[in-house]
Structures are given as structure tokens and as C-alpha cells.
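What the coordinates show
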Amino acid sequence: MPSATFNSHRPSELLSRLAATEPEVKVRALREVKNQIIGNRTKKLSFLKLGAVPIIAGILADSIDEVIENSNNSFNDNIINNILVQSAAALGSFACGFDAGVQAVLDAGAFPNLLRLLANSNEKVVDAGARALRMIYQSKLAPKYDFLQQKNMEFLISLLNSECENVSGLGASIITHSCETSFEQKALFDAGIPKKLNSLLEGGSLSQRDASLESLATIFKNNPEAISKFAGPELGRPLTSVIDLAKDRFPRTRLLACMCLIVIRNTSPHFLKDIGIKTKLIHILLELLDDPGQVGDEAPFAFSSLIAQKEDLQKLALEANAIDKLHHHLQKGSFHPKRYEGILLALADMCSKLESCRSKFLSLQALNLVTDALADDYADVRAAACICLKSVTRSIKNLSAGYFMNEIVVIPLVQLFLDPSTSVQVAALGAISNIVVDFTTHKSIFVKCGGIKQLVQLAKSMEPAVRSNALWALKNFVFLADNTLKEGVFSQLTASLISSLICDPEPSVQEQALSLVRNLVDGCINSIEFVFAENGLILEAIGRQLQVASKAEIGIQGMYTLCNVASGNELHKEAIMHLLFPQMGDKNPSFIINFLQSNDSQLRMATVWTIVNLTCTSSPGAFVRLEKMRNVGIVSQIKNMVNDPCVDVKLRVRTVLGQSMAFGDN
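Here the structure is a predicted model, which is why all the values come from computation and not from measurement.

On average, the protein scores 90 in pLDDT, and the residues at 70 or more come to 94%. The low-confidence segment residues 1-8 (pLDDT under 50) makes five contacts with residues lying over four places distant or belonging to another chain.

Moving on: the packing of aromatic side chains. Counting across every chain of the model gives nine aromatic pairs. A ring pair is formed by F446 and F477, whose centres lie 5.7 Å apart and whose planes are at 40°; its orientation type is tilted. You can see F446 sitting in helix 29 (residues 444-448) and its partner F477 sitting in helix 31 (residues 464-477), a full 31 residues away along the chain. Assigned by exposure class, F446 and F477 land together as buried. Their ring planes at 45° and their centres at 5.1 Å tell us that F591 and F595 sit as a pair that is tilted. What makes F595 buried here is its relative accessible area of 9%.

As enumerated under the stated definition, the model contains 21 salt bridges in all. Measuring nitrogen to oxygen at the nearest pair gives 2.7 Å for the salt bridge that ties D190 to K186. With D190 and K186 both in helix 12 (residues 182-190), this residue pair falls four residues apart, about one helical turn. By relative accessible area, which is 47% here, K186 ends up partly exposed. A salt bridge links E298 to R252; its shortest N-O distance comes to 3.2 Å. You can see E298 sitting in helix 19 (residues 294-307) and its partner R252 sitting in helix 17 (residues 251-267), a full 46 residues away along the chain. Counted as one network, the salt bridges with shared partners bring together R265, K278 and D312.

Moving on, we get to the side chain of Q314. Checked against the element boundaries, Q314 lands in helix 20 (residues 311-319). The buried category is assigned to Q314, whose relative accessible area is 0%. Engagement of the side chain of Q314 in a polar contact is seen with the backbone oxygen of D349, the distance being 3.3 Å. In contact with Q314, not counting residues within four places along its chain, are I307, A308, Q309, D349, M350, S352, K353, L354 and C357.

Before going further, it helps to examine the nonpolar core. Counting 225 residues, the largest nonpolar core has F303, F361 and F446 as its most contacted members. Look past the residues within four positions of F446 in its chain and what remains in contact with it is M405, V410, V414, F417, I432, V436, G451, I452, L455 and F477.

This part covers the packing of helix 34 (residues 507-520) against helix 36 (residues 552-566). Contact geometry of helix 34 with helix 36 gives a least axis separation of 8 Å together with a crossing angle of 20°. Here helix 34 is positioned roughly parallel relative to helix 36, judged by the angle of their axes. Crossing of helix 34 over helix 36 shows left-handed handedness. Across from P507, Q510, E511, L514, S515, V517 and R518 in helix 34, the residues of helix 36 making contact are E553, I554, Q557, G558, Y560, T561 and N564.

Quick look at unusual backbone geometry now. With a phi close to 60°, L480 is a non-glycine residue in the positive phi region. One can find L480 in the loop between helix 31 and helix 32 (483-493). By relative accessible area, which is 63% here, L480 ends up exposed. In this structure, E534 is a non-glycine residue whose phi angle is positive, near 50°. With respect to the element layout, E534 can be found in helix 35 (residues 533-547). Its relative accessible area of 43% is what places E534 among the partly exposed residues.

Note that I323 resides in helix 21 (residues 322-332). Judged by its relative accessible area of 1%, I323 is buried. It is 39 Å that separates the C-alpha atoms of I323 and A552, two residues lying 229 residues apart in sequence. When residues no more than four places from it in sequence are discounted, the contact partners of I323 are L318, L347, M350, C357, K360, F361 and L364.

Turning to the packing of helix 18 (residues 275-288) against helix 19, a few remarks are in order. In the contact formed by helix 18 and helix 19, the axes pass within 8 Å of each other and the chain directions differ by 150°. On the basis of their axis angle, the class for helix 18 and helix 19 is roughly antiparallel. Crossing handedness for the pair helix 18 and helix 19: left-handed. Mapping the contact onto sequence places L281, I282, L285, L286 and L288 in helix 18 and V295, G296, A299, A302, F303 and L306 in helix 19. Looking at side-chain class alone, the contact of helix 18 with helix 19 contains ten nonpolar, one polar and no charged residues.

Take helix 9 (residues 123-136) next. One turn of an α-helix holds 3.6 residues; hence residues three or four places apart share an orientation. End to end, helix 9 covers 20 Å across 14 residues, agreeing with the expected 20 Å (1.5 Å per residue, within 8%). Where helix 9 is concerned, the buried positions are V125, V126, A128, G129, A130, A132, L133, R134, M135 and I136. Among the residues of helix 9, the N-terminal cap falls to N122, whose side-chain oxygen and the backbone nitrogen of K124 are separated by 2.9 Å.

What counts, and where the lines are drawn
- Residues numbered from 1 in each chain as written.
- Predicted model: local features only at pLDDT ≥ 70, side-chain atom pairs only at ≥ 80, totals over all residues.
- Heavy atoms only, no water.
- pLDDT = per-residue confidence, 0-100.
- Contact = heavy atoms within 4.5 Å.
- Phe/Tyr/Trp six-rings, centres within 6.5 Å; stacked < 30°, edge-to-face > 60°.
- Helix = DSSP H or I, 4+ residues; strand = E, 2+ residues; numbered from the N terminus.
- Buried < 20%, exposed > 50% of the residue type's maximum accessible area, 1.4 Å probe, protein only.
- Salt bridge = Lys/Arg side-chain N within 4 Å of Asp/Glu carboxyl O.
- Polar contact = N/O pair within 3.5 Å; in protein donor to acceptor, adjacent residues only side chain to side chain.
- Core = buried A, V, L, I, M, F, W, Y, C linked by side-chain atoms within 4.5 Å.
- Axes fitted to C-alpha atoms, helices over the stretch in contact; angles between N-to-C directions.
- Parallel < 35°, antiparallel > 145°, perpendicular 65-115°, else oblique.
- Left-handed = near helix turned anticlockwise from the far one by under 90°.
- Nonpolar A, V, L, I, M, F, W, Y, C, P; charged D, E, K, R; others polar.
- Expected span 1.5 Å × (residues − 1).

Okay, structure coming up:
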């Protein structure tokens, strides 16, 4: 009857059939479970909740033990082998593209038993085990493999030497997943693995070629020595094989070949210098965007890795109409979130360096499509849209025109300050940091939509990256702002919060907090008063932090802040003197001598500038301050810097010495 047929296909009914004592019933149930869950995440979840994976893993383990016990019974072997094949296939189906399934398979203890199948005498069993393991090794959750142990390396080589396509593919997949360190890369190279992979490139099946391309890219990543050896004469002309595969008729092979070539070029730029190859890579990757499947989803990420931080390749891509093509795909809409993210990141990289690329982007009215992506359901897409906006808003010309400081762009970015994803918050802050630099008088738009209030709250976040980026945005907002805007920001931040951020445990937060204060006190003399609020809390915090600065950047921002304060009146200058030289009796110049002797030219520059402002001849107390500095060896150190390798430092040193001479110093 139809009802009976229907019930037999229900997950709960199938699981009861898995417990059957008749092997044929068990095999059919395993096959049906596999067929129901292939490509169906909903069904996989349904079976997972019912505990299907531990049951199937138990069947696999019991059947392996039966093989050992009944090694001389060919009839039983056939039955057991069928169970092994179907149970391995079902476990592989649970793991395929589904991390929850992978975790369930691992938790059920099936992994070592799947490995045991590779030693089975039956080819179908071996193939089923290898196929299931390959599914597991597509996931980041798969166990890492230690190549540094000799027995493991021997096992890996045996996999790659196998005539079974899935077994050799498994070996390549293990390399791709597990090879992370330079020691592991060297061990693989010394064992002759690249040579074996190259032979699979030239004579293997489609699956073997693809797996080998991924493995080679993993071995080559950040490893110029391996690339040099691989491209050398001892292996023939392997690069030619990879280049040829970039023109293969199969889209995935073309993509993987391109990705391998990109790794080679990014690691060793002297390879693949030919402009023809670079142009060909760009065109292939742009063509692969049209692929409707996974290849099209991954192609924009490969394109980004090719052009990122490379102006020459961005120019070639612009000439190849890359921005037009990426924009065209954005207009289509209704695609996989991964592809959406990739296209936005590709546009971000295209617009990261060249004004010509940003102009092209804006001319296509692409900005509206990117701002729409800020409201996408997927966090990675929202973050990518923010990163794209950050690149586009680097345009000084359009910032100066106030092009980005409008409600269409600013309001959705401010809303993302409260996004549940930290990565989205950080990306939104990065974009807004550019926009609020805005050289026009439109900054009030950001204030009216609650931007400052939100930034102040984010400066108190538990996440260091959020605190740092919130301060970065505040720093840029007060850059060249009038004193009214600065007072509005300062009243919400408060001196006590700023001083605590200056002494934050994270160096990046310390640096941005000091940079914020530097911009606050830059400008009119009234701005300098901010550091004296609440009995000079901020100034005291700066002094404490400079004494223990963990990196040059903190010293640079701190000294430029003091430099700005020292440009004020006599009270301001004396406050800086007291901060820098609190105890004159012990002849201890604290950190100043160290800063003047620093290897970082910017730190030397900031320190000398501060001394210039403290000893300006038009200032009544300059002579007394100069004498104090002479007594602790500062002037002597300045004289030693007359031939400083940095021209700007040398000029400021001469200014200090000139001012000293004006007071009679020879």
C-alpha cells in the first residue's frame, strides 16, 4: 500500500531498518539514507538529530571486525564489503559540504575506521573509504596530518602512488588541508612530493589534476625556495604544465591553475613577469565569473588575490573592463552570498590604489549597489560592502567635494556600528573613518544621525579591534574640525575615558587614542586646553605611556601631541617641560634621549619638533628651558644629530641649534 511505502522512507523508519539482522535489508537502508541526504542539508540535519551518524559509524566498525573474523568466507566477504561500501558512502555524504556532518562523523569515531578501509583488498571498499575521507578533508574540521613523522610521510607517498583516483586525490587533499608551516613544506619537497604531483598534472585524470593544483599551491605559498626548485630544470618545465591547464576546457581546472599561478607570482614576483601571462590570468578569471556554479563563486576571490596591492595589475584589469564586468554581475543580483561577497571584495581591491579605478566605479553609479549590500542578510556580504566603500572613499577629490557625506551612505554605515558581527562593526568603522575626514562643512550629518554617540560607545567595546577602529574614526572626524565640533566630541568622550584608552592594554588602542588627542589639540590655542581638563588627566596619561611605550608608533603619536601642546603659550610649554623632565636633580632625561637615538626617523622627527617649539626664541621662557635641556644632555644629543640620515630631521635639528645660538651658545 502507498502508506507503507511512504513510512519506509521516513528517517525514523530507515534508522530502524539499519538495525536489521538481515544484511540485505541493512545495505538497502544504508543506500537509501545516502540517496536521501545527497545535496539535501535539511535531510542531513533531520538524520543528524535522530542520531543516524553514530549508528552508521557503528555498522562500519562492526563490519570491519567481521572482515577480519571471516577472512576465508568469500560469500560473507561480499555481503560485508557491500555494507562497508554503503556505510562509507553514507558517512561521506553526511560530510560533503556540511561541517555539522563532518563533526558528527568525527565525534562518532568513524575517521580511523575509514582510514582502515584503505588497506582492504576490495577495490570498491578502498574507493568508497577514500571518497568519504576526501569529503571530510574538504572541511576545516578535518584532522591535521603530521608530515614530519617518517611513517606518515611514507603513508602519504603510498596514497599519491595509488592507481585509484580517489586514493591519490585523498593524498593531495590531505596536503592541501594540513600543510601550514615552512617546515612541512620543506619536508614535502624533500620527499619528492611536488615531482609526484607534477606527474599527476601531466598524466592524471581530471580529479587528480585538480587536487594536484591545489596541493602545489599550498606547498608554494610564501615559499620562494620551493618555487625556484620546482621551476628549475630538474623537473622539466612544470610551470608550462600549470600555464597550459589555465586554458583547460574544464572551468574548475582553469580556476585552480590560475590560483596556483597567482600563488607563484605573489610569492616570487620574478616568475611570470610576462605581461601576456598577467593579462591572460585577468581575462580568464573575469570569464570564470560567468560560471553559474562554485567556480563562479570562487573566481572573484582569486581575482582579488591577483590584483591586491598591485597597481600594475589593477591598471591591466581596468583596461580589461574589470570594473564594468564586476558591476554588471552586481546588477544581476540573486546569487550565492559567497559570490556577492567576492565581487564586492574584488571591486574593493580594484579601487584600493588608483583614482582612475575609483572614477570608473563612480561613473557607473555602482555606489548605490554597494550601499544596498550594507543591509544584506549575510554578515560577510555586509562586511565586504563596507570594505568596498572604504576603498572607494579614499578618493581625495570626491571627499573634498563632500560626495560621500550624505544620508544614503552615512546612515546605513552608522546602523552597522550595532551589528552583531564584530567583523562587520570593524569594517563599517573602517569605511566611516575615511568618510568623516570630509574636508567640507557637512560633518553635522554624521552628528545628527548619532554617529559620535555610537563611536564613543564603541570606544568602550570589549573587542580591541572595535575600540581601535572607533578611535580611528573619531580621530579623523576631529581632523581640521572647528573647535565647536571638537568640544562636542570631547564632551561625550570625557578626559577620564580618553586617559584610560591611552593606557589601554592593547598597543593599537593606545596609538589611536594618542592620535585622537593629537588632532584634538591641533589648531587654535583654545584646543590645547582639552589636555588640561580634569586636572590634566590626559597629559598625565600621555607622560606615563611614553615612559613605557612598547612600539615606535605610540611614541610618535605621543610626541606629536606634546609638540602641538608645546606650540601654545608659556603655561602650555612649561607643562610639557614638567612632563618631560619631572626630576631635574637626578639628571635623568627619561625617554627623550632614547627617542632622539631611535632608529625610527619619524620618532626622532616628532621629538625634535617638540624641542623646537619649547625653545622658540620669541618665547619668554625659552632660554631657561634650553638651559634645563642642556643640563640633562639633550642639547649635546641634538648636536650629534647634525648629519642625521633623514633630511627632515636634519633641518629641524639645525633649527634647534640656531635657536640655541641666538641665546649665545657656540
